[in-house]
Amino acid sequence: METCYINSPLGVIKIEGDVDGIMSISVLNSNEKLTDIIPEVLQDCVYQLNEYFEGKRQTFSLKLNPQGTDFQQKVWKALQTIPYGTTTTYLKLSQQLGDVKAIRAVANANGKNPLWIVIPCHRVIGSDGSLTGYAGGLHRKQWLLEHESPYKQQTLF
């Protein structure tokens with residue numbers, strides 16, 4: 001397993017993976033030492049994440065290898081169908097997966113998503129439009145949604 005730490009507008013990102021694919025992307029609340037030399041198997045992931053933060057990338061084309069239960073894998077696959085710049089709700093996601101009563105299980109699987117940004121769990125909001133729980137912190141979820149929004153806030157001054 002290879003690991004690297006890179007900087008982003010939202011903090012230090014930890015990336016883990018190997019030849020079988022990217023297993024984990026997470027944002028840290030600590031100041032880890034950034035990686036000087038990115039392992040070859042992680043270079044494309046670093047490149048694509050940097051493009052995303054620069055506003056040059058809306059979709060990712062990476063070999064992914066997240067570890068989870070069959071249900072979690074099903075939820076994570078559904079998350080990848082949410083288009084850039086849009087949101088859905090936990091209820092709609094549950095309906096899409098065929099079980100409206102599974103809202104809590106869907107929310108739980110969403111919260112265990114190991115591939116921050118690439119599997120866009122930040123695009124799932126509450127039915128009332130609220131920014132509900134987010135493992136990376138609600139301030140990061142809000143930043144990501146604003147970053148992806150086609151309607152950029154203009155300053156008055």
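A brief look at the structure comes next. (Residues numbered from 1 in each chain as written. Predicted model: local features only at pLDDT ≥ 70, side-chain atom pairs only at ≥ 80, totals over all residues. Heavy atoms only, no water.)

## Concerning helix 5 (residues 138-148)
Step number 1: Taken together, the buried positions of helix 5 are Arg140, Lys141, Leu144, Leu145, His147 and Glu148. Down the axis, helix 5 shows its buried residues gathered within 160° of arc, on one side only.
Step number 2: Looking at the buried residues of helix 5, the elements they touch are strand 3 (21-27), helix 1 (40-53), helix 3 (90-96) and strand 5 (124-125). (Buried < 20%, exposed > 50% of the residue type's maximum accessible area, 1.4 Å probe, protein only. Helix = DSSP H or I, 4+ residues; strand = E, 2+ residues; numbered from the N terminus. Arc of directions from axis to C-beta. Contact = heavy atoms within 4.5 Å.)

## Focus on the pairing of strand 1 (residues 2-8)
Step number 1: In terms of strand pairing, strand 1 meets strand 2 (residues 11-18) through seven bridges, oriented antiparallel. If you follow Cys4 over to strand 2, its bridge partner there is Ile15. (Pairing = 2+ DSSP bridges.)

## Some details on the state of the cysteines
Step number 1: All told, the structure shown has zero disulfides when counted by the stated rule.
Step number 2: With no disulfide of its own, Cys4 lies closest to Cys45 among cysteine sulfurs, the gap being 7.2 Å.
Step number 3: On the accessibility criterion, Cys4 (0% relative accessible area) is buried.
Step number 4: Classification of Cys45 as buried rests on a relative accessible area of 1%. (Disulfide = S-S within 2.5 Å.)

## Let's talk about the pattern of salt bridges
Step number 1: Within the structure shown, the criterion is met by five salt bridges.
Step number 2: Measuring nitrogen to oxygen at the nearest pair gives 3.8 Å for the salt bridge that ties Glu16 to Lys14.
Step number 3: For the salt bridge of Asp36 with Lys33, the shortest nitrogen-to-oxygen distance reads 3.5 Å. (Salt bridge = Lys/Arg side-chain N within 4 Å of Asp/Glu carboxyl O.)

## A short note on the pairing of strand 2
Step number 1: Counted between consecutive antiparallel strands, the loop separating strand 1 from strand 2 contains two residues.
Step number 2: Judged from the six bridges that link them, strand 2 and strand 3 form a sheet pairing that is antiparallel. Opposite Glu16, over in strand 3, you have Ser24 as the bridge partner.
Step number 3: Taken together, strand 2 and the strand that follows it, strand 3, pair antiparallel across an intervening segment of two residues.

None of the figures reported here should be taken as evidence of function without further support.
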